[in-house]
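Examination of the molecular architecture
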Amino acid sequence: LAQPEEKAPLQDTPMLQPFWAAGMSFSRGHFLVRVPYDCCLPLLFQGEEISIGIRGWTHGYDPYAPHTSVIFHEYAVNSRRRKGIHTFWENAHGSNSAQKAMRRMVALIKMAPELSPSSYDHQDEAKYGLGAKRPVELFYKLFGMDVRRKSMVPEVSQWDSP
C-alpha cells in the first residue's frame, strides 16, 4: 500500500489495492450498474469509498492503483490553497443523518458485526449490499483488517524492500 510520498513496492505494474477512490476510478460501465452508489446514505462522506470498494470486490472486481502517484487531493482544512471552500455537510443543521448513514454503511459491508439489525435502515439492502462472487470475510483477511477489534494486522501494512 504505497503512499504518494513513498516509492511503490511494485514497479512497472499496477498494484492491487483494498481501496477504491471516487476521484480516480476507471472501469467499464457495468461496475456502476452492479455496484451503484447507495441512495440511503445522506451526508456520508467518510465511508462511501470503502463501501463501494468492498462491495465491488465482493462482486468480483479488483481495484488497482498506478505504481506512481498521478493525482492527489488536499483535505487540509486550513490550507491557503483551499481558500475557505465550504463543505456539503455544513448544511446538516443538527441532523443525525450522517450518523444513521454511517451505521447503515458499516452494517451492510459487515464492518461492524456488533450492530443489531434493528439499529439501521434496511431499505434496498439487496441492491446496495454485498456481492455474491467473494465473501467479505476474505477481503478483510487478505487485507489484514480485523473488524471485531477495529484494527489492522501490522504485517500487512509493512513492506520489505527487495
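These lines cover the structure that appears in this document, whether it is placed above or below.

How each quantity is defined
Residues numbered from 1 in each chain as written. Predicted model: local features only at pLDDT ≥ 70, side-chain atom pairs only at ≥ 80, totals over all residues. Heavy atoms only, no water. Helix = DSSP H or I, 4+ residues; strand = E, 2+ residues; numbered from the N terminus. Buried < 20%, exposed > 50% of the residue type's maximum accessible area, 1.4 Å probe, protein only. Contact = heavy atoms within 4.5 Å. Areas by Shrake-Rupley, 256 points an atom, 1.4 Å probe, with all protein chains shown as cover. Core = buried A, V, L, I, M, F, W, Y, C linked by side-chain atoms within 4.5 Å. Lys, Arg positive; Asp, Glu negative; His and termini not counted. Salt bridge = Lys/Arg side-chain N within 4 Å of Asp/Glu carboxyl O. Polar contact = N/O pair within 3.5 Å; in protein donor to acceptor, adjacent residues only side chain to side chain. Phe/Tyr/Trp six-rings, centres within 6.5 Å; stacked < 30°, edge-to-face > 60°. Lys NZ or Arg CZ within 6 Å of the ring centre and 35° of its normal.

What follows concerns the overall build of the protein chain. Each helix and strand counted, the protein chain has five helices and four strands in total. Taking all 162 residues of the protein chain together, 29% fall into the buried category. Of all intrachain contacts in the protein chain linking residues separated by at least 6 positions in sequence, the fraction that spans at least 24 positions is 70%. Here the protein chain has roughly 11300 Å² of accessible surface; of this, 56% comes from carbon and sulfur atoms.

This part takes up the environment of K127. Relative to the helices and strands, K127 resides in helix α4 (residues 125-128). The class for K127 is partly exposed, based on a relative accessible area of 48%. Residues K127 and D38, spaced 89 residues apart in sequence, show a C-alpha to C-alpha distance of 8.3 Å. Look past the residues within four positions of K127 in its chain and what remains in contact with it is P36 and R55.

Below, the discussion takes up the nonpolar core. Counting residues in hydrophobic clusters, the biggest one holds 16 residues, and the most contacted among them are I54, M105, I109, F139 and Y140. Where this core is concerned, the elements lending two or more residues are α2 (48-58), α3 (97-108) and α5 (136-142). Ranked by size, the runner-up nonpolar core spans five residues in total, among them W20, F31, V35 and Y61.

This next bit is on α2. Burial within α2 is extensive, with ten of its eleven residues counted as buried. Restricting attention to buried positions, one finds in α2 the residues E48, I50, S51, I52, G53, I54, R55, G56, W57 and T58. For α2, the elements touching its buried residues are α1 (30-34), α3, α4 and α5. One or two positions beyond α2, positive phi appears at G60, with a value near 105°.

This part takes up the side chain of R104. Looking at where R104 falls in the secondary structure, it is placed in helix α3. Here R104 is in contact with D38, C40, L41, Y120, D121, H122, Q123, D124 and Y128, once residues within four sequence places are set aside.

Relative to the assigned elements, V153 resides in the segment after β4 (151-152). For the pair V153 and K141, spaced twelve residues apart in sequence, the C-alpha to C-alpha distance is 9.1 Å.

Moving on: the side chain of R55. Among the structural elements, R55 can be located in helix α2. Nearest to the buried, unbridged R55 among oppositely charged side chains is D38, at 5.7 Å. One polar contact links the side chain of R55 to the main-chain carbonyl oxygen of P36, over a distance of 2.8 Å. Setting aside anything within four residues of it in sequence, one finds R55 in contact with V35, P36, D38, I109, K127, Y128, G129, L130 and G131.

We now examine the pattern of salt bridges. Tallying each qualifying case throughout the model produces five salt bridges. Residues R104 and D38 are paired through a salt bridge, measuring 2.9 Å at the closest nitrogen-oxygen approach. Of this pair, R104 sits in helix α3 while D38 is found in the loop between α1 and α2, placing the two residues 66 residues apart along the sequence. In this structure R104 comes out as buried when scored by relative accessible area, which is 1%. Assessed through its relative accessible area of 13%, D38 is described here as buried.

What follows concerns the packing of aromatic side chains. Per the counting criterion, the structure on display carries six aromatic pairs. Ring plane angle 25° and centroid distance 6.3 Å describe the contact between W20 and F31, whose orientation is recorded as stacked. Separated by eleven residues along the polypeptide, W20 in the loop between β1 (15-16) and α1 and F31 in helix α1 bring together distant segments of the chain. When its relative accessible area of 6% is taken as the criterion, F31 is described as buried. Where W57 meets F139, the ring centres are 5.4 Å apart and the plane angle is 70°; that geometry is what we call edge-to-face. Taken together, the residues W57 in helix α2 and F139 in helix α5 connect sequence positions 82 residues apart. For the pair W57 and F139, a shared accessibility class is recorded, and that class is buried. In this structure an aromatic cluster arises from ring pairing among W20, F31, Y37 and Y61. Across from the ring centre of W57, 4.6 Å away, lies the NZ or CZ of R134, which sits over that ring.

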